[in-house]
Amino acid sequence: IRSHIKMMKLTVLAACLASAAAFAPAARPARRSAMKMAVEDMPGITKPLGLFDPLGFSKKGDAALVGYREAELKHGRMAMMAALGYFVQCVYHPLYKGASMSNNPFEAASQVPALGWVQIVAFASFMELMGILAKKRPEYMPGDLIGSSEWVDNSDEGWLDYQNKELNNGRLAMLAMAGLMAQQAMGAGYSDILFKDILFKWAL
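Now for a look at the structure at hand. (Residues numbered from 1 in each chain as written. Predicted model: local features only at pLDDT ≥ 70, side-chain atom pairs only at ≥ 80, totals over all residues. Heavy atoms only, no water.)

**So, the overall build of the protein chain**
Inference 1: For the protein chain, the helix and strand inventory stands at six helices and zero strands.
Inference 2: When burial is assessed residue by residue, the protein chain has 24% of its 204 residues classed as buried.
Inference 3: In the protein chain, 59% of the contacts between residues at least 6 apart in sequence involve partners at least 24 apart. (Helix = DSSP H or I, 4+ residues; strand = E, 2+ residues; numbered from the N terminus. Buried < 20%, exposed > 50% of the residue type's maximum accessible area, 1.4 Å probe, protein only. Contact = heavy atoms within 4.5 Å.)

Now the structure itself:
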């Protein structure tokens, strides 16, 4: 009888353990660390160019590759905001009495008061601090400041598509801002077309 009771206790204990295990968090699939990520595994390789690296930056090692991706995302995000602000600020500028400021960003930079520059530097420093703290996470991915990689990974096609769009829009914005700034520096202004006489003559 004692052996029978002991067997029943073991059976009940095993059932309890099994039910508890059902509520335990599932094991997460193993991921490749950002420091060991191959360029072929990274978002941003899209048609029509595919893997476009004529200067061979992707062959300089894993640490360099992560650094390049961080720089690309950071500059792309800044360029997208700058491109939007470039055209918005000429019609809507709620800060620093924007109506009296120049639409030329080179001139407007000198018109921003000292307190405005303090705010700009403080915000940039805060974002840099967020980046430094984010890098301490064990599953940190380049440019992931809020920990999105802990909720979803590149096996999710929707997430991968979002990253590709961000990278491609950032790349386009960097080229656009380079063109806008060059055009502004050469006196054409953002509302004009540099070399328009040549372009229109060629088009006609």
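Let us keep going from here.
**Re the nonpolar core**
Inference 1: Core analysis: the biggest nonpolar cluster contains six residues, these being Ala79, Ala83, Tyr86, Ala173, Met177 and Leu180.
Inference 2: Counting residues per element, the ones that place at least two in this core are helix 2 (62–88) and helix 5 (157–185). (Core = buried A, V, L, I, M, F, W, Y, C linked by side-chain atoms within 4.5 Å.)

**Comments concerning helix 4 (residues 114–134)**
Inference 1: An ideal rise of 1.5 Å per residue puts 30 Å on 21 residues; helix 4 measures up with 30 Å between its terminal C-alpha atoms.
Inference 2: Listing the buried residues of helix 4 in full gives Gly116, Gly131 and Ala134. Down the axis of helix 4, the smallest arc covering the buried residues is 75°, so these residues share one side. Along helix 4, the residues that are exposed and aim more than 90 degrees away from the buried face are Ala114, Leu115 and Val118. (Expected span 1.5 Å × (residues − 1). Arc of directions from axis to C-beta.)

**Observations regarding empty space enclosed by the protein**
Inference 1: One pass over the structure, following the stated rule, counts one cavity of 30 Å³ or more.
Inference 2: Roughly 30 Å³ of internal volume is contained in the largest cavity.
Inference 3: Taken together, Glu72, Leu73, Gly76, Arg77, Met80, Glu166, Leu167, Gly170, Arg171 and Met174 make up the lining of the largest cavity.
Inference 4: Of all the elements in the fold, those that place two or more residues in the lining of the largest cavity are helix 2 and helix 5.
Inference 5: Here the lining of the largest cavity is composed, by residue class, of four nonpolar, two polar and four charged. (1 Å grid on protein atoms, 1.4 Å probe; cavity = no way out; pocket = protein on both sides within 12 Å on 5 of 7 lines; lining within 4 Å. Points joined across faces, edges and corners; volume = space filled by probe spheres on them. Nonpolar A, V, L, I, M, F, W, Y, C, P; charged D, E, K, R; others polar.)

**Here we look at the packing of aromatic side chains**
Inference 1: Summed over all chains, the structure comprises two aromatic pairs.
Inference 2: Considering the side-chain rings of Phe57 and Tyr68, the 5.3 Å spacing of their centres and the 75° angle between planes classify their relative orientation as edge-to-face. Of this pair, Phe57 sits in the loop between helix 1 (2–22) and helix 2 while Tyr68 is found in helix 2, placing the two residues eleven residues apart along the sequence.
Inference 3: Under the relative-accessibility criterion, Tyr68 is labelled partly exposed at 35%. (Phe/Tyr/Trp six-rings, centres within 6.5 Å; stacked < 30°, edge-to-face > 60°.)

**Remarks on the packing of helix 2 against helix 5**
When two helices pack together, their arrangement is given by the angle between their axes and by how far apart the axes lie.
Inference 1: Contact geometry of helix 2 with helix 5 gives a least axis separation of 7 Å together with a crossing angle of 55°. In terms of orientation, helix 2 lies oblique with respect to helix 5. With respect to the hand of their crossing, helix 2 and helix 5 are arranged in left-handed fashion. Together, Arg69, Glu72, Leu73, His75, Gly76, Arg77, Ala79, Met80, Ala82, Ala83, Tyr86 and Phe87 of helix 2 and Glu166, Leu167, Asn169, Gly170, Arg171, Ala173, Met174, Met177, Leu180, Met181 and Gln184 of helix 5 make up the contact between the two elements.
Inference 2: Of the residues contributing to the contact of helix 2 with helix 5, the split by class is 13 nonpolar, five polar and five charged. (Axes fitted to C-alpha atoms, helices over the stretch in contact; angles between N-to-C directions. Parallel < 35°, antiparallel > 145°, perpendicular 65-115°, else oblique. Left-handed = near helix turned anticlockwise from the far one by under 90°.)

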